[in-house]
Amino acid sequence: MSVSSHIAELRKKHQALSEEVEVALRTPSFDDLQIAEMKKQKLRLKEEIARLEGVAV
């Protein structure tokens, strides 16, 4: 897998998590700890994307 295709996959995962977080935030009964964990996962993905983009340049 090339770096650019790996970055593309990570972006897809990041976008999917973003959508999950948005839905969770609109659901009053959703667990705040789960939302926080999803946000952490999003941040890790974003950091990995940034790291890989730095390598790809």
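Here, the structure is the one placed above.
Residues numbered from 1 in each chain as written. Predicted model: local features only at pLDDT ≥ 70, side-chain atom pairs only at ≥ 80, totals over all residues. Heavy atoms only, no water.

### Looking at the overall build of the protein
- From N to C terminus, the protein includes 2 helices and 0 strands.
- Taking 2.2 N^0.38 as the reference for a compact globule, 57 residues should give roughly 10 Å; the C-alpha atoms of the protein span a radius of gyration of 13 Å, well beyond that estimate.
- Principal axes of the C-alpha set define a box for the protein whose edges measure 45 × 15 × 15 Å.
- Here the protein, with 57 residues, has 19% of them falling under the buried criterion. (Helix = DSSP H or I, 4+ residues; strand = E, 2+ residues; numbered from the N terminus. Rg over C-alpha atoms; globule rule 2.2 N^0.38 Å. Buried < 20%, exposed > 50% of the residue type's maximum accessible area, 1.4 Å probe, protein only.)

### Notes on the pattern of salt bridges
- One pass over the structure, following the stated rule, counts 4 salt bridges.
- The residue Glu48 makes a salt bridge to Arg51 at a minimum N-O spacing of 2.8 Å. On the criterion of helical spacing, the pair formed by Glu48 and Arg51 is a turn pair, its members being 3 residues apart in helix α2 (residues 32-56).
- For Glu48, a relative accessible area of 26% corresponds to the partly exposed category. (Salt bridge = Lys/Arg side-chain N within 4 Å of Asp/Glu carboxyl O.)

### Here's the deal with the environment of Leu10
- Tracing the backbone shows Leu10 in helix α1 (residues 3-25).
- For the pair Leu10 and Lys42, spaced 32 residues apart in the sequence, the C-alpha separation amounts to 9.7 Å.
- The residues contacting Leu10, other than those within four sequence positions of it, are Leu45, Glu48, Ile49 and Leu52. (Contact = heavy atoms within 4.5 Å.)

### Details of the nonpolar core
- Ranked by size, the top nonpolar core spans 10 residues in total: Ile7, Leu10, Leu17, Val21, Ala24, Ile35, Met38, Leu45, Ile49 and Leu52.
- Every residue in contact with Ala24, bar those within four places of it in the chain, is listed here: Phe30, Ile35 and Met38. (Core = buried A, V, L, I, M, F, W, Y, C linked by side-chain atoms within 4.5 Å.)

### Observations regarding α1
- The end-to-end C-alpha separation of α1 is 33 Å, in line with the 33 Å expected for 23 residues at 1.5 Å each.
- Turning to α1, its buried residues number three or more, namely Ile7, Leu10, Leu17, Ser18, Val21 and Ala24. (Expected span 1.5 Å × (residues − 1).)

### With respect to the environment of Arg11
- Structurally, the position occupied by Arg11 is in helix α1.
- Among the residues examined, Arg11 registers a relative accessible area of 44% and is labelled partly exposed.
- Taking the C-alpha atoms as reference points, Arg11 and Pro28, separated by 17 residues in sequence, lie 27 Å from one another.
- The contact partners of Arg11, leaving out residues within four places of it in the chain, are Ile49 and Glu53.

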